[in-house]
Amino acid sequence: MYSPPSNPFEGRRSERGWRNWSQRSWILILVAAVLGFWFFRDSFSSLAAGQGSLIRLAGRFLAPLIVILAAMPVHEAAHAAAAVWLGDETPREQGRLTLNPLRHLDPLGTILLLVVGMGWAKPVIWNPSRINVDIRLGTIVVAVAGPLSNLLMAFIALLLLHEGVFDNVGTGEWTYLTPIVVSAFVQINILLAVFNLIPVPPLDGSHVLFALLPAGARNLQFALSQYGILVIMFIVWFAPGLIRDTANVLYDQMNTVARMLA
């Protein structure tokens, strides 16, 4: 995610919508828990049925760790790099133009990613007034940079999988661990990209939506900014399969292309 100062969802959180960040944190925990359940339920079902293994379970939980140390910093650095490329030095001045995980990780979001497979990092702050292109275009570019980085990482990992780079790493049954971890890494990255592109604050897709809305749609923007978390909860609770199915379609298409190129 990123957070331009002009976004009404950010600003003075104590005076807008939900009264304090603690309430939002618990809502985000619920959202992450539901998404995590949908992502990991196959693993738990297999284990309950006696079809899983310690290796597969280890792979499912090592992947989020790699996402924390690599994918999430890349996602946030992509937002920062896009803003800097467009002329705004704010992310560089704040030390966010880096792949150092310590500069990007949010404690609560990191814990949730480890526990349920879905979390978040600290949003990148940037100043739209400092960019050298149209603000609407610049907002879209900065917004999509993060999710696109997730899709790029997923595609590169798929290519390496099909090239056999991760085959025969380890000994015995543990040779299957690395491909399992990489496969889960791919799925998490695609899921993060799809989730972040939902056009509801505070997700990246909302900035794309707001940039495309006419000036007369300020009321809609304000309403979504006020109650975006509730909208996300509704989507995740009542239509979680929509997010997962979209991610699965993207996975199948990317996997097919990667197999052809390998």
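Keep in mind that what you see is a predicted model, and the values were worked out from it rather than measured.

Quick notes on the rules
The written sequence of each chain sets the order in which its residues are numbered from 1. Under the rules for a predicted model, residues below a pLDDT of 70 receive no local features and side-chain atom pairs below 80 are neither given nor counted, while totals for whole chains, interfaces and linings still include all residues. Heavy atoms throughout the structure, all of them, feed into the side-chain values; hydrogens and water do not. Counting from the N terminus, the helices are DSSP H or I runs at least four residues long and the strands are E runs at least two residues long. Buried, partly exposed and exposed residues are distinguished by accessible area as a fraction of the type maximum, computed with a 1.4 Å probe on protein chains only: under 20%, between the cut-offs, and over 50%, respectively. We call two residues contacting when some pair of their heavy atoms lies within 4.5 Å. For accessible areas, the Shrake-Rupley method is used with a probe of radius 1.4 Å. Any residue's cover is judged against the shown protein chains and nothing else. Candidates for patches are residues over 30% relative accessible area with no salt bridge; among them, like charges are joined within 9 Å and nonpolar side chains (Val, Leu, Ile, Met, Phe, Trp, Tyr) within 5 Å. Salt bridge criterion: a side-chain nitrogen from Lys or Arg within 4 Å of a carboxyl oxygen from Asp or Glu. With axes taken as lines fitted to C-alpha atoms, and helix axes fitted only over the stretch in contact, angles between N-to-C directions fall between 0 and 180 degrees. An angle below 35 degrees is read as roughly parallel, one above 145 as roughly antiparallel, one from 65 to 115 as roughly perpendicular, and any other as oblique. Note on convention: the crossing is left-handed when the near helix lies turned anticlockwise from the far helix by less than a right angle, right-handed when the turn is clockwise. Put simply, Ala, Val, Leu, Ile, Met, Phe, Trp, Tyr, Cys and Pro go in the nonpolar bin, Asp, Glu, Lys and Arg in the charged bin, and everything else, Gly too, in the polar bin. Aromatic pairing here means that ring centres of Phe, Tyr or Trp (its six-membered ring) are within 6.5 Å. Orientation follows from the plane angle: under 30 degrees is stacked, over 60 is edge-to-face, and everything else is tilted. A helix is expected to span 1.5 Å for every residue after the first. Bend at a given residue is defined as the angle between two axes, one fitted to the seven residues that end at that position and one fitted to the seven that begin there. By nonpolar core is meant a set of buried Ala, Val, Leu, Ile, Met, Phe, Trp, Tyr and Cys residues that side-chain atoms within 4.5 Å join together. Residue-level confidence of the predictor is summarised by pLDDT, bounded by 0 at the bottom and 100 at the top. Any pair of N or O atoms that falls within 3.5 Å is considered a polar contact. Within protein, one atom must be able to donate a hydrogen and the other to accept it, and sequence-neighbouring residues count only if both atoms are side-chain atoms.

Caption draft 1: Fine view of the overall build of the protein. Along the protein, the regular secondary structure elements total 9 helices and 2 strands. The buried share of the protein, taken over its 262 residues, is 48%. Put simply, 76% of the contacts in the protein that link residues at least 6 apart link residues at least 24 apart. Accessible surface for the protein amounts to roughly 12700 Å². Of this, 66% is attributable to carbon and sulfur atoms.

Caption draft 2: Main features of a nonpolar patch on the surface. The grouping of Leu62, Leu65, Leu69 and Leu114 at the surface amounts to a nonpolar patch, some 310 Å² of accessible area in total. Element by element, the count of residues in the nonpolar patch is highest for helix α2 (residues 54-85), at 3 residues. Relative to the assigned elements, Leu114 resides in helix α4 (residues 107-116). Take Leu114: its relative accessible area is 35%, and that puts it in the partly exposed class.

Caption draft 3: Structural detail: the packing of helix α5 (residues 135-162) against helix α9 (residues 240-261). Interaxial distance between α5 and α9 falls to 9 Å at its minimum, and their mutual angle equals 45°. Between α5 and α9, the interaxial angle falls into the category oblique. At the point where α5 passes α9, the crossing takes the right-handed sense. Contact with α5, carried on its side by Leu151, Ala154, Phe155, Leu158, Leu159 and His162, involves Leu250, Tyr251, Met254, Asn255, Val257, Ala258, Arg259 and Leu261 of α9 and no other residues of that element. Looking at the contact of α5 with α9 residue by residue, the class counts come to 11 nonpolar, 2 polar and 1 charged.

Caption draft 4: Just the packing of aromatic side chains, in detail. Within this structure, the stated rule accounts for 1 aromatic pair. Ring centres of Phe234 and Phe238 lie 4.8 Å apart, and the angle between their planes is 40°; this geometry places the pair in the tilted category. Note that Phe234 and Phe238 are positioned in helix α8 (residues 218-238) at a spacing of 4 residues, about one turn of the helix. Phe238 matches Phe234 in its accessibility class, with the two residues each being exposed.

Caption draft 5: Up close: helix α6 (residues 177-196). For α6, built from 20 residues, the straight-helix expectation of 28 Å at 1.5 Å per residue is met to within 8% by its first-to-last C-alpha distance of 28 Å. Burial runs high along α6: 17 of the 20 residues are buried.

Caption draft 6: Spotlight on α8. Most pronounced at Tyr227, the bend in α8 amounts to some 70°. Considered for burial, the residues of α8 that qualify are Gln221, Leu224, Ser225, Gln226, Gly228, Ile229, Ile232 and Val236.

Caption draft 7: Just the nonpolar core, in detail. Ranked by size, the top nonpolar core spans 41 residues in total, and within it Val67, Met72, Ile190, Phe195, Ile243 and Met254 carry the most contacts. A per-element tally of this core places α6 first, with 14 residues.

Caption draft 8: Representation of unusual backbone geometry within the structure. The omega torsion of the bond from Pro201 to Pro202 falls at 5°, within 30 degrees of zero and hence cis. In this fold, Pro202 is placed in the loop between α6 and α7 (204-212).

Caption draft 9: Broad picture of the confidence of the model for the protein. Residues with a pLDDT of 70 or more make up 74% of the protein, whose mean pLDDT is 80. The low-confidence segment residues 5-21 (pLDDT under 50) makes 34 contacts with residues lying over four places distant or belonging to another chain. Scored below 50 in pLDDT, residues 46-52 shows 5 contacts in the model against residues more than four places distant or in partner chains.

Caption draft 10: Expanded view of the packing of α5 against α7. Put simply, α5 and α7 touch, their axes get as near as 8 Å, and they point 160° apart. Judged on the interaxial angle alone, α7 and α5 are roughly antiparallel. For the pair α5 and α7, the sense of crossing is left-handed. Judged by residue contacts, Arg136, Thr139, Ile140, Ala143, Val144 and Pro147 of α5 engage Asp204, His207, Val208, Phe210, Ala211 and Leu212 from α7. Of the residues in the contact of α5 with α7, the class split is 8 nonpolar, 2 polar and 2 charged.

Caption draft 11: The arrangement of the environment of Leu250 in detail. By the element assignment, Leu250 lies in helix α9. Between the C-alpha atom of Leu250 and that of Leu151, which follows or precedes it by 99 residues, the distance is 9.1 Å. If sequence neighbours within four positions are ignored, Leu250 has contacts with Leu151, Ile190 and Val194.

Caption draft 12: Quick look at the environment of Thr98. Position of Thr98 relative to the elements: it lies in the loop between α3 (90-93) and α4. A C-alpha to C-alpha distance of 5.9 Å links Thr98 and Ala77, two positions 21 residues apart in sequence. Ignoring sequence-local partners within four residues, the contact set of Thr98 consists of Pro73, Ala77, Arg103 and His104. Reaching out from Thr98, the side chain makes a polar contact with the backbone nitrogen of Asn100 at a distance of 3.1 Å.

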